[in-house]
Amino acid sequence: MKLIVLGSGTSVPHAVRTASGYWLETKGGTLLLDMGSDSPHRMAQEQLDWSNLDGIWISHLHLDHLGGLPPFLFGTRSAPQTQQRRKPLGIYGAAGFTRILTALDQAYDYRLLKQPFPIELKEIEPNSEFEILPGLIAGTLSTPHTDESLAIRLTDKSGTTLVYTSDTGYSEELVEFAKGVTLLLMECSFHRDKPIRTHLELKEALQLAKIAQPQSVIFSHLYAEWDGIDLATEARRLWSGETIEAFDGLRWEF
């Protein structure tokens, strides 16, 4: 698999970190993990084949994770690059995302689902297992962030695994869900003294990683308090595993 970080930041405007979005290339196709408001243009900036994207995963209903989906569909409806496309685009996500998309669509007759190609919408429950792309199996877990928020575990035919936590607080269930994965893509919103229970600070994120023992960890969803701090150096003080600080444009093969 190959991961490309489109956005390593949060909902708060930042000069170099845009909102959440992660492009994943697999043998079964391409999958976007969350689509923050900046993701459509970031795909173009990274020269990715956005017009042939195979699937989209929406982890929860906060706008820095789904805010780019309506503009993306508004663009693909009339973009020259998509007029000859006929393969479906699968959009999977946490409960409620179709209601938001439909409400916005109807508010001004945007015709977001009237595409040159089929759109398949599917809301996913916690503890589900399904094939999200050919040969790529997805499993889900409820996380302590919002009522609907889900972590996702992806496994390909070779046994390579990725867990994307999206936004979450600490949970023992998440530790078990992430055990032994090839790559753990985890939020690490705050350095220390987090102001909100339903996010992670570095100490908690590393505690989770120590028990789960992934081969590699990428920390993302970083607030501005991380500016000027070397996250990897801070992490080495607390554990010996491989820690990568996400940045917009990071490419990681695993």
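No experiment lies behind these values; they were computed from the predicted model shown.

## Details of the overall build of the chain
Alright, step 1. Helices and strands together make up the secondary structure of the chain, namely 7 helices and 14 strands.
Alright, step 2. Against the globule reference of 18 Å for 254 residues, the chain gives a C-alpha radius of gyration of 17 Å, in line with a compact fold.
Alright, step 3. Expressed as lengths along the three principal axes of its C-alpha atoms, the size of the chain is roughly 50 × 40 × 35 Å.
Alright, step 4. The buried share of the chain, taken over its 254 residues, is 58%.
Alright, step 5. For the chain, the share of sequence-separated contacts (at least 6 apart) that also reach a separation of at least 24 residues comes to 63%.
Alright, step 6. Looking at the chain, you have 23 positive and 33 negative side-chain charges, and the mean spots of the two groups are 4 Å apart.

## Section: the packing of aromatic side chains
Alright, step 1. Per the stated rule, a full pass over the model turns up 6 aromatic pairs.
Alright, step 2. Seen in terms of ring centroids, Y108 and Y110 are 5.5 Å apart; in terms of plane orientation they differ by 50°. Their pairing is tilted.
Alright, step 3. Taking the relative accessible area as the measure of exposure, Y108 reaches 62% and is therefore exposed.
Alright, step 4. Accessibility expressed as a relative area gives 28% for Y110, which makes it partly exposed.
Alright, step 5. What links up through ring pairs into an aromatic cluster is the set F74, Y108 and Y110.
Alright, step 6. Directly above the aromatic system of F117 lies the positively charged group of R85, at a separation of 4.5 Å from the ring centroid.

## Comments concerning helix α6 (residues 202–212)
An α-helix turns once every 3.6 residues. As a result, residues three or four positions apart point the same way.
Alright, step 1. Every buried residue of α6 is accounted for by L202, E204, A205, L206, L208, A209 and A212.
Alright, step 2. Contact partners of the buried residues in α6: α5 (172–177), β11 (183–187), β12 (216–220) and α7 (231–236).
Alright, step 3. In the segment just after α6, Q213 is the residue with positive phi, at about 55°.

## Let's talk about the pattern of salt bridges
A side chain of one charge can pair with a side chain of the opposite charge when the charged atoms of the two come close.
Alright, step 1. Applying the stated criterion across every chain, the model contains 7 salt bridges.
Alright, step 2. The salt bridge partner of E204 is K194, with a shortest N-O separation of 2.9 Å. One end of the pair, E204, is in helix α6; the other, K194, is in the loop between β11 and α6, and 10 residues separate them in sequence.
Alright, step 3. Judged by relative accessible area, which is 18%, E204 ranks as buried.
Alright, step 4. R237 is paired through a salt bridge with E234; the nearest N and O atoms lie 2.7 Å apart.
Alright, step 5. Salt bridges sharing partners connect three or more residues here, namely R42, E46 and R251.

## Looking at the nonpolar core
Alright, step 1. Among the nonpolar cores identified, the biggest contains 27 residues, and L33, W57, I132, L154 and I218 are the most heavily contacted of them.
Alright, step 2. Beyond its immediate sequence surroundings of up to four residues, L33 is in contact with G21, Y22, W57, L154, L162 and Y164.
Alright, step 3. Judged by nonpolar contacts, the second largest core, of 25 residues, contains V181, L184, A212 and A235.

## Some thoughts on the sheet that holds strand β1 (residues 2–7)
Alright, step 1. Ordered in space as β6-β5-β4-β3-β2-β1-β14, the 7 strands form an open sheet in which the pairing is mixed. Of all the strands in the sheet, the pair left with one neighbour each is β6 (119–124) and β14 (251–253). When the angles between neighbouring strand axes are averaged without regard to direction, this sheet yields 20°.
Alright, step 2. As paired strands, β1 and strand β2 (residues 21–26) are joined by 5 bridges and run antiparallel to one another. In the sheet register, K2 faces β2, and the bridge partner there is E25.
Alright, step 3. Sitting on the sheet, helix α3 (residues 69–76) touches β3 (29–35), β4 (55–58), β5 (89–94) and β6, and the angle it makes with β5 is about 165°.
Alright, step 4. Running at roughly 135° to β6, helix α4 (residues 97–107) makes contact with β5 and β6 of the sheet.

## A word on unusual backbone geometry
What you tend to see is this: most non-glycine residues have negative phi, and most peptide bonds are trans.
Alright, step 1. With a phi angle near 55°, Q47 is a residue other than glycine that sits in the positive phi range.
Alright, step 2. Structurally, the position occupied by Q47 is in the loop between α1 (39–45) and β4.
Alright, step 3. Accessibility expressed as a relative area gives 73% for Q47, which makes it exposed.
Alright, step 4. Although it is not a glycine, R111 sits at a positive phi angle of roughly 55°.
Alright, step 5. Within the fold, R111 resides in the loop between α4 and β6.

## Let's talk about the side chain of S8
Alright, step 1. Following the sequence through the fold, S8 ends up in the loop between β1 and β2.
Alright, step 2. Residue class for S8 comes out buried when judged on its relative accessible area of 0%.
Alright, step 3. With near-sequence residues (within four places) excluded, S8 lies in contact with R17, T18, S220, H221, L222, A246, F247 and D248.

Quick notes on the rules
- Residues numbered from 1 in each chain as written.
- Predicted model: local features only at pLDDT ≥ 70, side-chain atom pairs only at ≥ 80, totals over all residues.
- Heavy atoms only, no water.
- Helix = DSSP H or I, 4+ residues; strand = E, 2+ residues; numbered from the N terminus.
- Rg over C-alpha atoms; globule rule 2.2 N^0.38 Å.
- Buried < 20%, exposed > 50% of the residue type's maximum accessible area, 1.4 Å probe, protein only.
- Contact = heavy atoms within 4.5 Å.
- Lys, Arg positive; Asp, Glu negative; His and termini not counted.
- Charge placed at Lys NZ, Arg CZ, Asp CG, Glu CD.
- Phe/Tyr/Trp six-rings, centres within 6.5 Å; stacked < 30°, edge-to-face > 60°.
- Lys NZ or Arg CZ within 6 Å of the ring centre and 35° of its normal.
- Salt bridge = Lys/Arg side-chain N within 4 Å of Asp/Glu carboxyl O.
- Core = buried A, V, L, I, M, F, W, Y, C linked by side-chain atoms within 4.5 Å.
- Pairing = 2+ DSSP bridges.
- Axes fitted to C-alpha atoms, helices over the stretch in contact; angles between N-to-C directions.

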